[in-house]
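# Structure at a glance
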Amino acid sequence: MSEKIFEVDHLSLHYLTRFGEKVHAVTDVSFSMKQGEILGIAGESGCGKSTLVSGLMGMCIPPLYPTSGDVRVNGESLMNRSESDIRSNVLAQKISMIPQGAFNALNPVRKIKDIAADVIAAHQKQGSPSSAKEIYQRLCERFDLFGMDTQRVLNSYPIQLTAGERQRSVIGISTLLNPRMVIADEPTSALDVSTQKEVIKMIFDLLEKGIFSTMIFITHELPLLYHVADNIAIMYAGEFVEMGTAEQVVKDPRHPYTQALMGAMLSSESSQRSRKPVAIEGAPPSLSQTMVGCRFAERCTRACPDCKKNTQSIRMVGDRLVRCDYAK
Ligand SMILES: Nc1ncnc2c1ncn2[C@@H]1O[C@H](COP(=O)(O)OP(=O)(O)OP(=O)(O)O)[C@@H](O)[C@H]1O
Ligand SMILES: [Mg+2]
């Protein structure tokens, strides 16, 4: 059996607002990953996906705080470590993130080649290219591999590039040190459809070439995850509500929220083209209130009075996990 390279145990995270209010953005998330696995995470806007990513990288920077739980990479805990320790010993080498908005991730007053050099310098380690010349050479090789107009892109400021070139540059830079694991947080959300396809192809080319082997891929698009992920977790109001193989979650969802989410998607099956998506009525609960009972109960068409009283624990239903006492 292959070893677990990434383990998350009952992770809960909160923001502390300047009014002293706690926003419980992530609650009781547990999962583990083996080398070579792709986990997809999907859920509505504001359900805590990006906050979870910060926690998974050990980057709980105020106003975000760990409430409880643990995250381990190769058995080594990332919790309660300083930001500088995480930046110099974990990020870019063990875990790298492809962020949601490439433009915000790139310093607008530095050329792409200088941004890359800064990133590498911050993570200088054994096996990393050491001199500026070596860094530049590896950058060129990597950008060539992506089929980019390498010299022009490297010598440009972010504003001079297209959105696709910026996102590809971010992916190139964040995977330059061949991290074991990549977390892609909605890497295509700001791109047009054809650029989205190119960027996704590029990420999977990197996987195929063994530049990294394990990935968490976050998106709103469940049908995309069905094609690219081994396992899928569905997040709602800070919690994982269902987790199983891509086939189980997409083709045979058991949590009422996953079922509603699938119903809200336009089907890509040709036989079902006339089907209309069904919107999920209502809105998720505020994450700053104390939540009692099932967090989806207010919107669930099958909720009974007990659902609003009893907090649901995630449990095995067949061979997948579901956070609903009534799921079969
Ligand atoms: N700095 C902050 N202070 C307080 N609350 C915050 C802060 N940043 C995010 N939140 C809240 O935490 C919750 C989770 O936000 P998060 O950005 O993680 O969601 P998301 O699932 O990534 O959404 P999206 O799909 O839009 O990217 C939201 O309710 C959000 O308002
Ligand atoms: Mg997000």
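Remember, it's a predicted structure, so these values are computed and weren't measured experimentally.

## A word on the domain arrangement of the protein
- Along its sequence, the protein is carved into domain 1 (1-82 + 221-328) and domain 2 (92-210).
- Between the C-alpha centres of domain 1 and domain 2 there is a distance of 28 Å.
- Opposite the nine residues of domain 1 that make contact, domain 2 presents nine residues.
- Broken down by secondary-structure element, the contributors of at least two residues to the side of domain 1 that touches domain 2 are β1 (4-16) and α1 (49-56).
- For the side of domain 1 that touches domain 2, the per-class residue count stands at seven nonpolar, one polar and one charged.

## Some remarks on the site of ligand 1
- Taken together, 15 residues lie near ligand 1, and Tyr15, Ser45, Lys49, Ser50 and Thr51 sit nearest.
- Elements with a contribution of two residues or more to the shell around ligand 1: β2 (22-34) and α1.
- Per-element tally for the shell around ligand 1: the top contributor is α1, with three residues.
- Its residues assigned to classes, the shell around ligand 1 shows six nonpolar, eight polar and one charged.

## Describing the nonpolar core
- Grouped together as the largest cluster of nonpolar side chains are 81 residues, with contacts concentrated most on Ile183 and Ile234.
- In this structure, this core is formed jointly by two domains, domain 1 (1-82 + 221-328) and domain 2 (92-210), each of which donates at least three residues.

## A short note on unusual backbone geometry
- Here Pro62 and Pro63 are connected by a cis peptide whose omega angle stands at 10°.
- Looking at the element boundaries, Pro63 is found in the loop between α1 and β4 (64-73).
- Positive phi values are uncommon outside glycine, yet Glu186 reaches one of about 45°.
- Inspection of the secondary structure puts Glu186 in the loop between β7 (181-185) and α8 (193-208).

## Let's talk about the pairing of strand β10 (residues 239-245)
- Across the seven residues of β10, six count as buried, placing the element largely inside the fold.
- Sheet analysis places strand β9 (residues 231-236) next to β10, joined by six bridges and oriented antiparallel. Within β10, the position partnered with Ile234 by the bridge is Glu242.
- Counting the residues that bridge the hairpin from β9 to β10 gives two residues, and of these Ala237 lies at a positive phi of roughly 45°.
- The pairing of β10 with strand β12 (residues 320-322) spans two bridges and is classified as antiparallel. Its bridge partner being in β12, Glu242 is matched across the sheet by Val322.

## What about the environment of Ala327?
- Relative to the helices and strands, Ala327 resides in the segment after β12.
- In this structure the C-alpha to C-alpha distance between Ala327 and Val250, which are 77 residues apart in sequence, comes to 15 Å.
- Leaving out residues up to four positions away in the same chain, Ala327 has contacts with Arg254, His255, Val317 and Val322.

What counts, and where the lines are drawn
Residues numbered from 1 in each chain as written. Chains lettered and ligands numbered in written order. Predicted model: local features only at pLDDT ≥ 70, side-chain atom pairs only at ≥ 80, totals over all residues. Domains from an automatic or database assignment. Contact = placed C-beta atoms within 7 Å. Helix = DSSP H or I, 4+ residues; strand = E, 2+ residues; numbered from the N terminus. Nonpolar A, V, L, I, M, F, W, Y, C, P; charged D, E, K, R; others polar. Near = placed C-beta within 6 Å. Core = buried A, V, L, I, M, F, W, Y, C linked by C-beta atoms within 7 Å. Buried ≥ 20, exposed ≤ 12 C-beta atoms within 10 Å, placed from the backbone. Pairing = 2+ DSSP bridges.

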